[in-house]
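Structural description and commentary
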Amino acid sequence: MYRTNTCGELNLSNVGQKVTLAGWVQRSRDLGGMTFVDLRDRYGITQLAFNMEVNAELCEQARKLGREYVVQATGTVTERASKNAKIPTGDIEIIVEELRVLNAAKTPPFTIEDQSDGGDDIRMKYRYLDIRRNPVRKNLELRHRMAMLVRNYLSGLDFLEIETPFLIKSTPEGARDFVVPSRMNPGEFYALPQSPQQYKQLLMVAGMDRYFQIVRCFRDEDLRADRQPEFTQIDCEMSFVEQEDVLQTFEGLAKHLFKEEKGLEFGDFPRITWHDAMRLYGSDKPDIRFGMQFVELNDVVKGQGFGLFDNAELVVGICAEGCAEYTRKQLDALTEFVKRPQVGAGGMVYVKYNADGSFKSSVDKFYTQEALKLVAEKFGAKPGDLMLILCGPAMKTRKQLNELRLEMGNQLGLRNPNEYAPLWVVDFPLLEWDEETQRYYAMHHPFTAPKPEDEALLDDPNRWGDIRANAYDIVMNGVEVGGGSIRIHDRTLQNKMFHTLGFTDEKAAEQFGFLMDAFTYGAPPHAGLAFGFDRLCSLFGGADSIRDFIAFPKNNSGRDVMSGSPSPISQEQLDELMLDVRPVDEK
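Since this is a predicted model, take the numbers as computed values, not measurements.

Let us look at helix 10 (residues 328-339). If you check helix 10, its first and last C-alpha atoms are 16 Å apart, about what 12 residues at 1.5 Å a residue would give, namely 16 Å. Buried residues of helix 10: Leu331, Leu334, Thr335, Phe337 and Val338, and no others. Along helix 10, the residues classed as buried sweep out an arc of 155° about the axis, all on the same side. In this structure, helix 10 carries Arg328 and Lys329 as exposed residues pointing more than 90 degrees from its buried face. At its buried positions, helix 10 is contacted by strand 14 (349-353), strand 16 (386-392) and helix 12 (394-411).

A cis geometry characterises the amide bond from Ser565 onward to Pro566, with omega recorded as 0°. With respect to the helices and strands, the residue Pro566 is situated in the loop between helix 15 (533-540) and helix 16 (571-577). Even without glycine at this site, Met292 takes up a positive phi of about 60°. Position of Met292 among the secondary structure elements: in the loop between helix 7 (274-281) and strand 12 (295-296).

What follows concerns empty space enclosed by the protein. With the rule as written, the count across this model stands at 1 cavity of 30 Å³ or more. If you add up the space inside the largest cavity, you get close to 30 Å³. In this structure, the largest cavity is lined by Val301, Phe309, Val349, Val351, Val363, Tyr367, Leu372, Val375 and Ile389. Contributing elements (two or more residues each) for the lining of the largest cavity: strand 14 and helix 11 (369-379). When its residues are assigned to classes, the lining of the largest cavity shows 9 nonpolar, no polar and no charged.

Before going further, it helps to spend a moment on the sheet that holds strand 4 (residues 70-79). With respect to topology, 5 strands assemble into a closed barrel ordered 1-2-3-5-4, the strand pairing being mixed. Averaged over neighbouring strand pairs, the angle between their axes works out to 55° when direction is ignored. Examined bridge by bridge, strand 2 (residues 34-41) and strand 3 (residues 44-51) share 8 bridges and lie antiparallel to one another. Its bridge partner lying in strand 3, Phe36 is registered against Ala49. Sitting on the sheet, helix 1 (residues 56-63) touches strand 1 (18-30), strand 2, strand 3 and strand 5 (92-103), and the angle it makes with strand 5 is about 65°.

Evaluated as defined, the whole model comprises 23 aromatic pairs. Note on Tyr420 and Phe540: the rings are 6.0 Å apart at their centroids and 40° apart in plane angle, and the pair reads as tilted. Of this pair, Tyr420 sits in the loop between helix 12 and strand 17 (422-426) while Phe540 is found in helix 15, placing the two residues 120 residues apart along the sequence. Exposure class is identical for Tyr420 and Phe540. Each is buried. Taken together through their ring pairs, the aromatic side chains of Phe258, Phe266, Phe269, Tyr420 and Phe540 make up a single cluster. Here Lys255 stacks its cationic end above the ring of Phe269, 5.7 Å away from the centre of that ring. Positioned over the ring face of Tyr441 is Arg439, at 3.9 Å from the centre of the ring.

To continue, consider the packing of helix 4 (residues 134-156) against helix 15. Helix packing for two helices is described by the angle between their axes and how far apart those axes are. Direction vectors running N to C along helix 4 and helix 15 enclose 120°, while the axes themselves pass 10 Å from each other. Between helix 4 and helix 15, the interaxial angle falls into the category oblique. Here helix 4 runs over helix 15; the crossing is right-handed. Contacts between helix 4 and helix 15 involve Leu142, Arg143, Met146 and Ala147 from the first element and Phe533, Asp534, Leu536, Cys537 and Phe540 from the second. Tallied by class, the residues present in the contact of helix 4 with helix 15 amount to 7 nonpolar, no polar and 2 charged.

Here Ile569 is to be found in the loop between helix 15 and helix 16. In this view, Ile569 contacts Leu574 and Leu577; residues no more than four positions away in its chain are not counted.

Moving on: the layout of surface pockets. Of the voids in this model, the second largest pocket is the one considered here, and its volume is about 590 Å³. Counting only elements with at least two residues in the lining of the second largest pocket, the list comes to strand 1, strand 2, strand 3 and helix 4. For the lining of the second largest pocket, the class distribution of residues is 5 nonpolar, 6 polar and 14 charged.

A separate point is the pairing of strand 9 (residues 210-218). The buried fraction of strand 9 amounts to 7 of the 9 residues, a majority that puts the element mostly inside the structure. Across 2 bridges, the pairing between strand 6 (residues 160-161) and strand 9 is parallel. Across the sheet, the residue bridging to Leu160 is Tyr211, located in strand 9. Judged from the 9 bridges that link them, strand 9 and strand 10 (residues 230-239) form a sheet pairing that is antiparallel. From the neighbouring strand, Val215 faces strand 10, where its bridge partner is Gln233.

Before going further, it helps to spend a moment on the pairing of strand 16. For strand 16, a buried count of 6 out of 7 residues is recorded, marking the element as mostly surrounded by other parts of the structure. Direction of pairing for strand 13 (residues 314-320) relative to strand 16: antiparallel, over a ladder of 7 bridges. Paired with Cys319 across the bridge in strand 16 is Met387. Pairing of strand 14 with strand 16, which is carried by 4 bridges, proceeds in the antiparallel orientation. For Lys352, the partnering residue across the bridge sits in strand 16 and is Leu386.

Conventions adopted
- Residues numbered from 1 in each chain as written.
- Predicted model: local features only at pLDDT ≥ 70, side-chain atom pairs only at ≥ 80, totals over all residues.
- Heavy atoms only, no water.
- Helix = DSSP H or I, 4+ residues; strand = E, 2+ residues; numbered from the N terminus.
- Expected span 1.5 Å × (residues − 1).
- Buried < 20%, exposed > 50% of the residue type's maximum accessible area, 1.4 Å probe, protein only.
- Arc of directions from axis to C-beta.
- Contact = heavy atoms within 4.5 Å.
- 1 Å grid on protein atoms, 1.4 Å probe; cavity = no way out; pocket = protein on both sides within 12 Å on 5 of 7 lines; lining within 4 Å.
- Points joined across faces, edges and corners; volume = space filled by probe spheres on them.
- Nonpolar A, V, L, I, M, F, W, Y, C, P; charged D, E, K, R; others polar.
- Pairing = 2+ DSSP bridges.
- Axes fitted to C-alpha atoms, helices over the stretch in contact; angles between N-to-C directions.
- Phe/Tyr/Trp six-rings, centres within 6.5 Å; stacked < 30°, edge-to-face > 60°.
- Lys NZ or Arg CZ within 6 Å of the ring centre and 35° of its normal.
- Parallel < 35°, antiparallel > 145°, perpendicular 65-115°, else oblique.
- Left-handed = near helix turned anticlockwise from the far one by under 90°.

Dropping the structure here:
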């Protein structure tokens, strides 16, 4: 056998035992008469000791070991004279009697240490080396534990894990599909699933009652820290349930994960409607770890000669407690922040509530001390506070103020990654208007049911923007980690929804005919939810990016720089698929 023990398990209780370890050379130290080698595997590090006086040949062999050599060592466990309290095996070492090099290694392009000297690009290129580092390995171990907790919890509630197809029919609504040409059906294409949505609904029609799947999904969309072209969902569906049943079930799952993985317990998650979330936070995924709720000021700032406020649809602000001492330089930096293209505001107004009860603002020319006191009262501000105000079109301004609120939260240390504030956002709009195409789209997907009391509004195009969806998102720390809805299970209502979205009967039948046909055979009331598993893992791991919780992620261009994909394929393969990829001018 290659080993009797791992490099992370030996301790003083093993002293005197003869053991065999195998792993990678982390580092070595030549002290003349003694050579020490730290041997690493997935489980930890154990120190190997070589004594020149006892076995000079073996010691010389140890001195030639390079970093990341794969070796096997046999020897006796002994108590260390100089202990290392930083590692679990720090009380012992192995007096080596036999050493075997299993594989030599080139010097790695970056150090395999917790704090590596390798940048993101080089570590992505040599991802298999990066995974050897403790932080990445621990992230993948966290992901494994989370997956097992999810499987065991849902299985205990009678959910069945059922696989659905990866090669499916393309549906152009929503994000762009990745498409796969079919060699046996020339000119025709599969799509990779953006989610198993239609198949999990079919499983409800099939009577499976409770389904889940930890499933890979694919979207051909622009990337950022919390997006990858392929990602993983905890995908779930339930029959004969209402919204409250779904929220209780998956709030229970979230609480279970927090308790088992983080040792945290929560009461009932707060709930907020989409409209209130946008009104108070300017975001449908508000970070409620801190306050600074929005305060609307139209009634106290308009009509006093300041044109920007007088002509704005909305004047709204936040109050940063204890920040009246912000310097002009800090305030100018905040103004530049909101003027960045990513935020898009034209500027910012500030009002300081000084410790002596006076006010200082960037609009003193237009507002008296009495007028500014009314503003402060509106905020509920007290001496020492700083009020930051934006104005403009209502929805746009709220989104801009959300960015400013989050920036202030960062500056004031109010967004601690080790604190968690989950909540439900409910009652989303069913439809959202797109100015470019001048039509309504489903905010979630076309199978989301409207609130029962709003169904009649589908018959009035002038009221489509008022229809609420029977939909819900679970949000943690300003990140949407899951979302779902009550599904339409009635064929007539589903057809009405398709017509609302501009589908002809022919187009609806072409894209979704198999689902609509299934509904004619008795579809139960059903609902579902999907967690973004990568996002959930990164939140539990206290990180902003999901990349380090995926074994082999893509970069921001959707490329795997390690394997070199995507890449061209041979002309022979193109010919088999009957694809012509010549430039347009050559065609």
